[in-house]
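Architecture and fold: a report
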Amino acid sequence: MSAYSVETEALYQGEQIQGMELHPESIPCFFTTAFTMRGFQEVQQTYASKGYTYIRTRNPNRTALGEIVSCLEGGEETLIFASGMGAITSTLMALLEKGDHVICNANIYGETFGVMTEILGKCGVEVSFVDFQNLDDVVRAVRPETKLIYSEVFSNPTLVLADLKSLGEIAHQRGALLMVDNTFTSPVAIQPISFGADIVVNSLTKFLNGHSDAMGGAVTARKTLCAKIQSTAMLLGTPGEPFSAWLIQRGIQTAALRLPRQMHTAERLAKALAESPHVKKVYHPSLPGYPQRELADSMFGPNGYCAMLSFVVEEDLEKIDQFMLALRFPRYAPTLGGLHTTLSHPVTSSHMGVPDETRRKMGITPGMIRVSVGIEDPEDLTADFLQALEVFGA
Ligand code: PLP
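Residues numbered from 1 in each chain as written. Predicted model: local features only at pLDDT ≥ 70, side-chain atom pairs only at ≥ 80, totals over all residues. Heavy atoms only, no water.

**Regarding the overall build of the protein**
Secondary structure assignment for the protein yields 14 helices and 12 strands. Taken over the C-alpha trace, the protein has a radius of gyration of 22 Å; the compact-globule value for 394 residues is 21 Å, and the two agree within 12%. Principal-axis analysis of the C-alpha atoms gives the protein an extent of 80 × 50 × 40 Å. Per-residue burial for the protein yields a buried fraction of 54% across its 394 residues. (Helix = DSSP H or I, 4+ residues; strand = E, 2+ residues; numbered from the N terminus. Rg over C-alpha atoms; globule rule 2.2 N^0.38 Å. Buried < 20%, exposed > 50% of the residue type's maximum accessible area, 1.4 Å probe, protein only.)

**Details of the site of the ligand**
Looking at the ligand, the residues that line it are Ser83, Gly84, Met85, Tyr109, Glu152, Asp181, Thr183, Ser203, Thr205, Lys206 and Gly216. Between Ser203 and the ligand, the recorded distance is 2.8 Å, taken from a side-chain N or O atom to an oxygen atom. Measuring from an oxygen atom of the ligand, one finds a side-chain N or O atom of Thr205 at 2.6 Å. If the ligand stood free it would expose 390 Å²; the protein chains cover 89% of that surface. Here the residues of the shell around the ligand sort into two nonpolar, six polar and three charged. (Near = heavy atom within 4 Å. Polar contact = N/O pair within 3.5 Å; in protein donor to acceptor, adjacent residues only side chain to side chain. Areas by Shrake-Rupley, 256 points an atom, 1.4 Å probe, with all protein chains shown as cover. Nonpolar A, V, L, I, M, F, W, Y, C, P; charged D, E, K, R; others polar.)

**What about a nonpolar patch on the surface?**
The grouping of Met93, Ile119 and Leu236 at the surface amounts to a nonpolar patch, some 220 Å² of accessible area in total. Looking at the element boundaries, Leu236 is found in helix α8 (residues 223–236). (Patch = residues over 30% accessible without salt bridge, like charges linked within 9 Å, V, L, I, M, F, W, Y side chains within 5 Å. Salt bridge = Lys/Arg side-chain N within 4 Å of Asp/Glu carboxyl O.)

**Describing the pairing of strand β7 (residues 217–221)**
One face of the sheet, then the other: side chains in a regular strand alternate in exactly this way. In terms of residue burial, β7 counts as a mostly covered element, since five of its five residues are buried. Taking every second residue as pointing to the same face, both faces of β7 are buried, with Gly217, Val219 and Ala221 on one and Ala218 and Thr220 on the other. One ladder, built from five bridges, connects strand β1 (residues 77–81) with β7; its direction is antiparallel. Each residue of the ladder has a partner; that of Phe81, found in β7, is Gly217. The pairing of strand β6 (residues 199–203) with β7 spans five bridges and is classified as antiparallel. Paired with Asn202 across the bridge in β7 is Ala218. (Pairing = 2+ DSSP bridges.)

**Notes on the pairing of strand β2 (residues 101–105)**
A large share of β2 lies buried, amounting to five of its five residues. By the bridge criterion, five bridges tie β2 to strand β3 (residues 126–130) in an arrangement that is parallel. By the bridge assignment, His101 is partnered in β3 with Glu126. For β2 and strand β4 (residues 146–152), the ladder comprises four bridges, and the chain directions are parallel. Its bridge partner lying in β4, Ile103 is registered against Ile149.

**Some words on the pattern of salt bridges**
Throughout the structure, instances matching the rule amount to 14 salt bridges. Notably, a salt bridge pairs Glu169 with Lys165, separated by 3.6 Å at the nearest N-O pair. Of the two residues, Glu169 and Lys165 are both situated in helix α7 (residues 164–173); the distance of four residues between them amounts to about one turn of the helix. One salt bridge connects Lys361 with Glu357, and the closest N-O pair in it is separated by 3.9 Å. Of this pair, Lys361 and Glu357 both sit in helix α13 (residues 356–361), four residues apart, which is roughly one turn of the helix. Of the two residues, Lys361 and Glu357, neither departs from the other in class, the shared state being exposed. The network of salt bridges with common partners includes Glu315, Asp356, Arg359 and Arg360.

What follows is the structure, encoded as structure tokens:
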């Protein structure tokens, strides 16, 4: 356990490149597909010490980035992938086999749902989707062959919180693993391993890189699990290339500065939206009426909860369009986690394929707008939303 803060320690991770005697202030990008060796002795030594050989196996930029993510997440080891989906699929393919059973939160990212249903189905792995708000249903879904419980920290876009500690206990009592996607929240807000998660996945494409210019994914877990995931990732070809890892390392070094501001601006904006006569409902854990207040307060610290929020206006697509056009700063973007505040409209994007009735049961109506809060001045951003909301009239 370090006497210094995670934020400071993370800045000094990844600077020691194995086999390199120079000490550059900023890590260079290792644009090379392989490292050459002279003679069999060096070949043997390099392979035996898991040194740098071929780009798909290991690369110094991935190693450096992995060390930073491990530090932020408080985990033993982190593997870096070409995308968040690469991280998720490689982990599931590595740890599950035919006949296994997974319990998955019913409300998860659409493409993760696709992997669970289409890809795991083809591999003979059965998945039960359960509403994780009811832990008794999770317990009831457990079978002798249950190997994994899977959840995101907050569901998208209604920000329902998963009780990670209880899910970890349910999993561990039955010898299963808890895998948590921390993309929406980030390790600056919460470290799922400290609540019992065995595996934490992050899409680095989002808040951790934070600059909307690179794609990547990370899996943080114990070394024994990482060894299995690494050998499967090698076969699937999912490890990320060095330039993305280099860019993401550059971005992640300011994550601990950016994210608390983004999360606190989200709180400020959520409060202003909740007070607006044009807004019917706001979803953000900072609001006093948040239904899981006690659970949220037991899981999150002073950095904040989450830089994502959703709000509901009149179900009038024309007016919603006018609202988006009236905003001076935020734009529509099918992503999240950047420096700029961006919007999405779940009914016409992420949840387009879900039948209206099912969507409404999930709380997702045509009047819902999802916001990823950026680093703008909180007052400017709030004023911009309030002036644009005037399109909804008196
Ligand atoms: N997990 C969550 C919660 C996401 O929102 C996303 C992408 O939006 C992913 C995983 C996948 O990440 P990537 O786009 O880097 O593959």
